[in-house]
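An overview of the molecular structure
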Amino acid sequence: MKNLVGLSRAELLEEMRGFGAEPFRARQLWHWIYNRGATSFDAMTSLSKAFRARLAEHYAIERPTVSRALRSTDGTRKWLLRFSDGNEAETVHIPEEDRGTLCVSSQVGCTLTCKFCHTGTQRLVRNLEAAEIVGQVMIARDALGEWPSPPEDRQLTNIVLMGMGEPLYNYENVAKALKIVMDGEGLSLSKRKITLSTSGVVPMIRRCGAELQVNLAISLHAVRDELRDVLVPINKKWPIAELLQACREYPSASNARRITFEYVMLKDVNDSPADARELVRLLKGIPAKVNLIPFNPWPGAPFERSTERAIAAFADIVFAAGYSAPVRTPRGEDIMAACGQLKSDSVRLRASERLRVGMSAAEA
Ligand code: SAH
Ligand code: SF4
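Keep in mind that this is a model prediction, so the values were computed, not measured.

1. Describing the domain arrangement of the protein chain
Many descriptions give the size of an interface as the accessible area lost when the pieces come together. Along its sequence, the protein chain is carved into domain 1 (2-60) and domain 2 (65-363). Put simply, the middle of domain 1 and the middle of domain 2, counted by C-alpha atoms, are 33 Å apart. Taken residue by residue, the interface counts 15 residues in domain 1 and 13 residues in domain 2. Summing both sides of the interface, domain 1 and domain 2 together bury roughly 1,200 Å²; the carbon and sulfur share of this comes to 56%. For R9, the salt bridge is made with E185, and the minimal N-O distance between the two is 3.3 Å. At the junction of domain 1 and domain 2, the tally comes to nine residue pairs in polar contact (both at pLDDT 80 or more). At six residues, the largest contribution of residues to the side of domain 1 that touches domain 2 is made by helix α2 (residues 23-35). Split into classes, the residues belonging to the side of domain 1 that touches domain 2 amount to five nonpolar, six polar and four charged.

Following this line, the structure appears as C-alpha cells:
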C-alpha cells in the first residue's frame, strides 16, 4: 500500500486525481495528516465513511515505529526509530525553558567519516526518504501530545538537522521533507526555526540557500586546511576558503539570521588561543555566531574533551571580537543523545566502554 506521508502537496493532489477524488480531498487529507496528526483514515471524520474505507484499501499513513525510547535525567528524550526495511535512526528532543528543539536525522549512518563523530563509524549507510524524515517530526509530536499543530506554547518549536547523517548528501529528500514541515496548513514550523547543519557540501549550500532559506550551521572544527583535512575529510574536496565563500553568498544570512559555526573542542588539537584568533580572522565579513561544542566522548574515540579553561579562553577571544560564542551544554549524555554520539547499528559495548561513556548496561 502506498504511504501518503512524505508526498508533496502537488503529489498528493495528483494522487487524489488519479484516485478519482476531487482536489479539495487532497487538502482535507493534508490537514488530517499534518495538522491533526491522524494515524488512520478512520479518524478523518470530515470524510464520508465510504470514502474513508476506499482510501484505507489503497493507502497507508505510515510513521516509523519506535523501537526504543529513552529519557535523560535532564529531560532530553531520544527515540530509536525503525523503518519498514528494518534500518534504524535516532531522533532527539531537547527541552529548554522557552523552547524545544528536535534534532532530526537525515541518513542511517553517514556518508562521511569525521574523526570525532560516532555516527561516522557506522558501517551501514543509506539516505532516509522524505517520509522517514517527516516521520521523525510526527513521532515527536505524538509523544509530546502536540496535535493538532498548536499555534503557541509548543514543546517542539525548533528543528535542527543535526542528527545522524549529512543532510546535504541527501538534499532532495531533506528539501522535500522540510517543505512539508514548513507548510502553514500542516506541521507549520517556519524556516526561521529550522537549522540545517552541514560539514561543508559547498554546491548544495548554494541550492539550499536558494530553495529553502533555512538557517545554516557549518561544522567548521578547524581553521587550517591541514587539520580540517584530517578531522572533517570532506575538506579535501571543498577547503575552508571555498566553504566560507559559500557562506558569504548564503542569501538568507543577515545580522538577524546569522550563520552558526560549530566548533568541537578537542583537547590539544584545535583549542589553542592561536586557533581562536585565526577563527575570528576567517569569519570577518560573515554574519556569524560561533557554537563551541565540548567534545562528547564515545567508545573508542581518539580524542578528549578540551579543559574548561581552554574552552573559556577560546570563547573569550571569539567573544571579544564581537561574536556570540556560547558553549553548547551537552544534553542527554547519559542516554548517548549528545552531539556526535548517535549511532544505530547494534554495538555490544564492553563494560569498560559503557562506564567511560556513562551508559547503564540496560541501554547498551
Ligand atoms: N552531518 C552534519 C550534521 C550532524 S552532526 C554535520 O556534520 O554538520 C551535528 C554536529 O555535532 C556537527 O557540528 C558535528 O560536527 C558535531 N559532532 C560530531 N561528533 C561530535 C562529538 N563527538 N562531540 C561533539 N560534537 C560532535
Ligand atoms: Fe557525518 Fe556530520 Fe558525523 Fe561528519 S560530523 S560523520 S558529516 S554526521
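2. A look at unusual backbone geometry
Working note: non-glycine residues mostly have negative phi, and peptide bonds are mostly trans. Cis rather than trans, the peptide bond between W147 and P148 has omega equal to -15°. One non-glycine residue, D268, adopts positive backbone phi at about 60°. Among the secondary structure elements, D268 is positioned in the loop between β12 (259-265) and α9 (273-283). On the accessibility criterion, D268 (66% relative accessible area) is exposed.

3. Some words on the site of ligand 1
The environment of ligand 1 is formed by 21 residues, the closest being F116, S197, S219, H221 and N296. Between ligand 1 and F116, the relevant distance is 2.8 Å, taken from a nitrogen atom to a main-chain nitrogen or oxygen of the residue. The separation between an oxygen atom of ligand 1 and a polar side-chain atom of H221 is 2.6 Å. Relative to its free-state accessible area of 530 Å², ligand 1 is covered by the protein chains to the extent of 96%. For the shell around ligand 1, the elements supplying multiple residues, two or more each, are β10 (194-198), β12 and β13 (288-294).

4. Some remarks on the site of ligand 2
The environment of ligand 2 is made up of C110, L112, C114, C117, G120, G165, E166 and S199. Per-class residue counts for the shell around ligand 2 are four nonpolar, three polar and one charged.

5. Thoughts on the nonpolar core
Ranked by size, the top nonpolar core spans 117 residues in total, and within it F116 and F261 carry the most contacts. A total of nine residues in this core trace back to one element, the largest contributor, which is helix α4 (residues 130-144). Looking at which domains feed residues into this core, each of domain 1 (2-60) and domain 2 (65-363) supplies at least three. In contact with F261, other than residues within four places in its own chain, are I218, L220, L244, C247, L283, I286, A288, K289, V290 and N291.

6. Quick word on the pattern of salt bridges
Throughout the structure, instances matching the rule amount to 22 salt bridges. A salt bridge links D142 to R63; its shortest N-O distance comes to 2.8 Å. Placement of the pair is D142 in helix α4 and R63 in the loop between β2 (59-60) and β3 (65-71), with a sequence separation of 79 residues. When its relative accessible area of 31% is taken as the criterion, D142 is described as partly exposed. R126 is the partner of E132 in a salt bridge, and the nearest nitrogen-oxygen pair spans 3.0 Å. On the basis of relative accessible area, E132 is assigned to the buried category, the value being 11%. Three or more residues are tied together by salt bridges with common partners; here these are R9, R27, D183 and E185.

7. As for the packing of aromatic side chains
Scanning the entire structure with this criterion turns up five aromatic pairs. Between F19 and Y59 the ring centres are 5.2 Å apart and the planes differ by 70°, which places this aromatic pair in the edge-to-face class. Remark: Y59 occurs in strand β2 and F19 occurs in the loop between α1 (9-18) and α2; sequence separation between them is 40 residues. A residue is classified by how much of its surface remains accessible, and F19, at 10% relative accessible area, is buried. The exposure class assigned to Y59 is buried, which follows from its relative accessible area of 6%. Judged by centre distance (5.0 Å) and plane angle (35°), the ring pair of Y263 and F314 falls under tilted. Residue Y263 is found in strand β12, and its partner F314 is found in helix α10 (residues 308-320); the two are separated by 51 residues along the sequence.

What counts and how
- Residues numbered from 1 in each chain as written.
- Chains lettered and ligands numbered in written order.
- Predicted model: local features only at pLDDT ≥ 70, side-chain atom pairs only at ≥ 80, totals over all residues.
- Heavy atoms only, no water.
- Domains from an automatic or database assignment.
- Contact = heavy atoms within 4.5 Å.
- Buried area = accessible area lost by both parts, 1.4 Å probe.
- Salt bridge = Lys/Arg side-chain N within 4 Å of Asp/Glu carboxyl O.
- Polar contact = N/O pair within 3.5 Å; in protein donor to acceptor, adjacent residues only side chain to side chain.
- Helix = DSSP H or I, 4+ residues; strand = E, 2+ residues; numbered from the N terminus.
- Nonpolar A, V, L, I, M, F, W, Y, C, P; charged D, E, K, R; others polar.
- Buried < 20%, exposed > 50% of the residue type's maximum accessible area, 1.4 Å probe, protein only.
- Near = heavy atom within 4 Å.
- Areas by Shrake-Rupley, 256 points an atom, 1.4 Å probe, with all protein chains shown as cover.
- Core = buried A, V, L, I, M, F, W, Y, C linked by side-chain atoms within 4.5 Å.
- Phe/Tyr/Trp six-rings, centres within 6.5 Å; stacked < 30°, edge-to-face > 60°.

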